[in-house]
Amino acid sequence: MKRSFIREILEHTNNNTISFAGGLPNAKLFPIEQLKKSAQVVLDDTSSLQYGNSTGYEKLKEKIAKLYSDDGFFTTSSNILITSGSQQALDIISRFNSNKNITIETLSYLGAMNVFNLNNMDINTINLQDDGCDIKQFKQSISKTKLAYIIPDFQNPTGISYSDKKREQIASIIKDTNSLVIEDSPYSEIYFEKKFESISQKIPKNSYHLGSFSKVLAPSLRIGWIRADEKLLEPLIAYKEAMDLHTNGLSQFILNNYLEDINEFENHKNKIRKIYSKKMQIFCNFLDEVLPQFEYIKPKGGMFVYGRLEGINTKELVNKCLKDDVLFVPGVEFYINNIKEDEIRFNFTNSTPAQIFKGLNIIKSLIKE
Ligand code: PMP
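All of the points below concern the structure found in this document.

What counts as what
Residues numbered from 1 in each chain as written. Predicted model: local features only at pLDDT ≥ 70, side-chain atom pairs only at ≥ 80, totals over all residues. Heavy atoms only, no water. Helix = DSSP H or I, 4+ residues; strand = E, 2+ residues; numbered from the N terminus. Rg over C-alpha atoms; globule rule 2.2 N^0.38 Å. Buried < 20%, exposed > 50% of the residue type's maximum accessible area, 1.4 Å probe, protein only. Contact = heavy atoms within 4.5 Å. Areas by Shrake-Rupley, 256 points an atom, 1.4 Å probe, with all protein chains shown as cover. Lys, Arg positive; Asp, Glu negative; His and termini not counted. Charge placed at Lys NZ, Arg CZ, Asp CG, Glu CD. Pairing = 2+ DSSP bridges. Axes fitted to C-alpha atoms, helices over the stretch in contact; angles between N-to-C directions. Core = buried A, V, L, I, M, F, W, Y, C linked by side-chain atoms within 4.5 Å. Domains from an automatic or database assignment. Salt bridge = Lys/Arg side-chain N within 4 Å of Asp/Glu carboxyl O. Near = heavy atom within 4 Å. Polar contact = N/O pair within 3.5 Å; in protein donor to acceptor, adjacent residues only side chain to side chain. Parallel < 35°, antiparallel > 145°, perpendicular 65-115°, else oblique. Left-handed = near helix turned anticlockwise from the far one by under 90°. Nonpolar A, V, L, I, M, F, W, Y, C, P; charged D, E, K, R; others polar.

### Things to note about the overall build of the chain
Counting secondary structure elements, the chain contains 13 helices and 14 strands. On C-alpha atoms alone, the chain measures out to a radius of gyration of 20 Å, which is about the 21 Å that the 2.2 N^0.38 rule sets for 369 residues. Looking at the 369 residues of the chain, the share that counts as buried comes to 56%. Of all intrachain contacts in the chain linking residues separated by at least 6 positions in sequence, the fraction that spans at least 24 positions is 75%. Summing over all exposed atoms, the chain offers an accessible surface of approximately 16600 Å²; the carbon and sulfur share of this is 49%. With 46 positive and 45 negative side-chain charges, the chain shows a separation of 1 Å between the mean positions of the two kinds.

Below you can see the structure in the form of structure tokens.
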């Protein structure tokens, strides 16, 4: 079992580091003033410091449910289990399914693959194409595993999104094979063109839809959730209780108060979309100028640009870059098999244009060495 390379290299960062590595939201965009006000208000009420319900603070669950219903996906608070980030949602579902088989995309999110391994799940990988996973492989695999984990919106690490057609196909295969899908969507609200309709909406009885406030608000709140049919949620509650009784109550109260002003949250999301979209464009322009040999697909949302530097061992490259205080994640970290050594994931949300230009030029000079 290896530790997350990303978390390890983040320990080597200092104030001078130009990091294209982590999936960190831009700290300048945290709505500090509003959260301060919310914290002040909720701390006047002792219940914000008391034990709470295992499935989460009812008012917050209602607000999350309403966000779904407003999007046309009918949801009530009884469909929501609040978790300590969507990372815990993955762990809860995996513990419940330990020793079973699971279909995942290759490449996939490292934190999920670690959870599946730690829970002794037998992982079956299927290829990811530019518009989503290989449907033929998906059908073959899910017929055996009966459970799949996918990230259809602006995937981590590749930035790829599933086309509308593939979403339809996945939903009908899941239904026909009487299987279940874990749809992990922490980036779905960070769209630059349009919001995609979730696959779960087409198959509400066969899906766990995972959401999070980490990317759109603040990751330290550690608030995520599982949206599922009540019958699917019910057996998960004992696992949640065994892990931590309930998600941090103070965070839930602060978030609930913040969400009372829904216009404020909508404006905040719009601001993030606009700024991240601009940052992505700047990053891609500099990539084209400084590293024109880097082949990539421009993302339609999210936080990452993924691509290939043909013939370059990017793990060796990042070890050189580390000495010059520049970081990125080599693609090998996201594979279970089919290891490709010349790929890179860049995060574009957290650096200034000057840092992007400087960081890419340092990478360029170290490639030449
Ligand atoms: N899923 C994916 C695809 C992610 O990229 C991340 C965070 N990097 C998570 C889940 C976990 O996020 P959190 O626990 O902060 O909600």
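### So, the sheet that holds strand β14 (residues 343-347)
In spatial order, the strands read β10-β11-β14-β13; together these four strands make up an open sheet with antiparallel pairing. The outermost strands of the open sheet, each flanked by one partner alone, are β10 (294-296) and β13 (329-330). Where β13 and β14 come together, two bridges link them in antiparallel fashion. Residue pairing across strands places V329 opposite R345, the latter belonging to β14. Here helix α11 (residues 262-290) sits on the sheet and contacts β10, β11 (304-309) and β14; the angle it forms with β10, its principal contact strand, is near 140 degrees.

### Section: the nonpolar core
The tendency in soluble globular proteins is for nonpolar side chains to be buried as a group. The biggest cluster of nonpolar side chains holds 93 residues, and the ones touching the most others in it are F20, F213, I226, F346, L360 and I363. Counting residues per element, this core draws most heavily on α11, at nine residues. A domain-level breakdown of this core finds at least three residues from each of domain 1 (5-23 + 264-368) and domain 2 (49-260). Discounting residues that sit within four places of it in the chain, I363 has contacts with F20, L291, L317, C321, V326, F328 and F346.

### Topic: the sheet that holds strand β2 (residues 80-84)
The strand order across the open sheet built from eight strands is β2-β9-β8-β7-β6-β3-β4-β5, with neighbouring strands paired in mixed fashion. Looking at which strands have only one partner, the edges of the open sheet turn out to be β2 and β5 (132-133). Across four bridges, the pairing between strand β6 (residues 147-150) and strand β7 (residues 180-184) is parallel. Its bridge partner being in β7, Y149 is matched across the sheet by I182. Sitting on the sheet, helix α6 (residues 135-145) touches β3 (101-106), β4 (122-129), β5, β6 and β7, and the angle it makes with β3 is about 160 degrees.

### Section: the pattern of salt bridges
All told, the structure shown has 20 salt bridges when counted by the stated rule. E260 is the salt-bridge partner of K63, the closest N and O atoms lying 3.2 Å from each other. Here K63 is found in helix α3 (residues 58-70), whereas its partner E260 is found in the loop between α10 (249-259) and α11, with 197 residues between them in sequence. Residue class for E260 comes out exposed when judged on its relative accessible area of 51%.

### Observations regarding helix α5 (residues 110-118)
Judged by how many residues are buried, α5 sits mostly within the fold: seven of nine residues are covered. What α5 keeps buried is the set L110, G111, A112, M113, N114, V115 and F116. Of the surrounding elements, those touching the buried residues of α5 are α1 (5-10), α4 (85-96), β3, β4 and β6. Looking one or two residues past α5, N120 carries a phi angle of roughly 55 degrees, positive in sign.

### Let's talk about the site of the ligand
Taken together, 13 residues form the shell around the ligand, and within it N156, D184, Y187, S212 and S214 come nearest. Contact distances for the ligand include 2.8 Å between an oxygen atom and a backbone N or O atom of S86. The contact in question runs from an oxygen atom of the ligand to an N or O atom on the side chain of N156, over 2.7 Å. Burial of the ligand by the protein chains amounts to 91% of its free accessible area of 400 Å².

### Points about the packing of α4 against helix α9 (residues 237-244)
Contact geometry for α4 and α9: axes closest at 9 Å, N-to-C directions at 120 degrees. When the axes of α4 and α9 are compared, the pair comes out oblique. As for the relative orientation of α4 and α9, their crossing is right-handed in sense. Where α4 approaches α9, its residues Q88, D91, I92, R95 and F96 are matched on the opposing element by Y239, K240, M243 and D244. The residue inventory of the contact of α4 with α9, partitioned by class, reads four nonpolar, one polar and four charged.

### Some points on the packing of helix α12 (residues 314-323) against helix α13 (residues 353-368)
Where α12 contacts α13, the two axes come as close as 10 Å, and the packing angle between them is 120 degrees. Considering the angle they form, α12 stands oblique to α13. Crossing geometry of α12 relative to α13 is assigned as right-handed. Contacts from L317, K320 and C321 of α12 reach α13 at I363, L366 and I367. Split by residue class, the contact of α12 with α13 holds five nonpolar, no polar and one charged.

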